[in-house]
Amino acid sequence: MTKGRREIKYQLTYAEYLVVQTRIASILDYDKNANSGGYSVRSIYFDDLKETAYREKIDGIFDRRKYRVRTYNNNPGIINLECKEKYNRWISKKSARINEEICENLLRGDFSLLQNWEQDIAREFYVNAKESGLRPVICVDYHREAFVYPASNLRITFDKYLRASGLAGFSIVKPEEKEELSVPVYQNNSVIMEIKFDDFMPEIVRAVIPHETGKSLAVSKYRLCMSIAKTLRV
């Protein structure tokens, strides 16, 4: 992959989140695309028949990628097809806007509408789907607060109320159809804090994140949700 951004994750208790979020909010601005109340995120992840993306994460493979479709606040006008690539702590993301019809076709395993698209992500997704048998495997829901520090292209997010669900009879923009079937990943309201930046983290930000806060998190939300789905068979 080409050089992307650094990514560091922490798993916080809810009490730690309240302290750190207050400090971050005092020096950083809320993401202009969001607001002080945050927003909901729903992602549908795709994996192949061998569950390569899931297994590579468990095995600690540095160079890996994941495909997903994602929407915000259950808005049918904002659905993205994405590929997230990661090498150690460096990440990059390719994205293309798709409509609800294409999304529903992808969830049914029909990738034909992507084969003539010009965007690289669409062509790559189509080729991988045909060659390795990509199919949707898990729904991941959470509520996100996002802060930005433009001087260093830094972004800090707090992801709360992480839930996992299967995909039978699923519609990406109708949360009421799956809410009763989804299960919480954390029973103690833990929060995932993600810090993304370019070459360095500004000292003003580093100073408000105590070294003892939380613990560095090597696992992804995709793996967390897949693991609990396998355990509970959702």
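One can find the structure itself at the top, above this paragraph.
Residues numbered from 1 in each chain as written. Predicted model: local features only at pLDDT ≥ 70, side-chain atom pairs only at ≥ 80, totals over all residues. Heavy atoms only, no water.

Novice: Help me get a handle on the pairing of strand S4 (residues 63–72), residues and values and all.
Specialist: Each regular strand displays side chains that alternate between the two surfaces of the sheet. Counted residue by residue, S4 has seven buried out of 10 residues, so it is predominantly covered. Hairpin connection from S4 to strand S5 (residues 79–87): six residues lie between these consecutive antiparallel strands, with Asn 73 at a positive phi of about 55°. (Buried < 20%, exposed > 50% of the residue type's maximum accessible area, 1.4 Å probe, protein only. Helix = DSSP H or I, 4+ residues; strand = E, 2+ residues; numbered from the N terminus. Pairing = 2+ DSSP bridges.)

Novice: An account of the pattern of salt bridges is needed here, citing residue identities and associated values.
Specialist: Enumeration according to the criterion identifies 20 salt bridges in this entry. Across the salt bridge formed by Asp 31 and Arg 155, the nearest N and O atoms sit 2.7 Å from each other. You can see Asp 31 sitting in the loop between strand S2 (29–30) and strand S3 (39–47) and its partner Arg 155 sitting in strand S8 (residues 154–165), a full 124 residues away along the chain. By sharing partners, the salt bridges in this structure join Glu 7, Lys 9, Lys 84, Lys 86, Arg 144, Asp 159, Glu 194, Lys 196 and Lys 221 into a single network. (Salt bridge = Lys/Arg side-chain N within 4 Å of Asp/Glu carboxyl O.)

Novice: Quick rundown of the pairing of strand S7 (residues 135–149)? Include the residues and the values.
Specialist: Summarising burial for S7: 11 of the 15 residues are buried, a large majority. One ladder, built from nine bridges, connects S3 with S7; its direction is antiparallel. In the strand pairing of S7, Ser 40 is matched with His 143. Here S7 runs beside S8; their pairing, made up of 10 bridges, is antiparallel. Each bridged residue has a counterpart across the sheet, and for Asp 141 the counterpart in S8 is Arg 163. Connecting the antiparallel pair S7 and S8 is a turn made up of four residues, with Asn 153 showing a positive phi of about 55°.

Any functional reading would require information that these geometric values do not contain.
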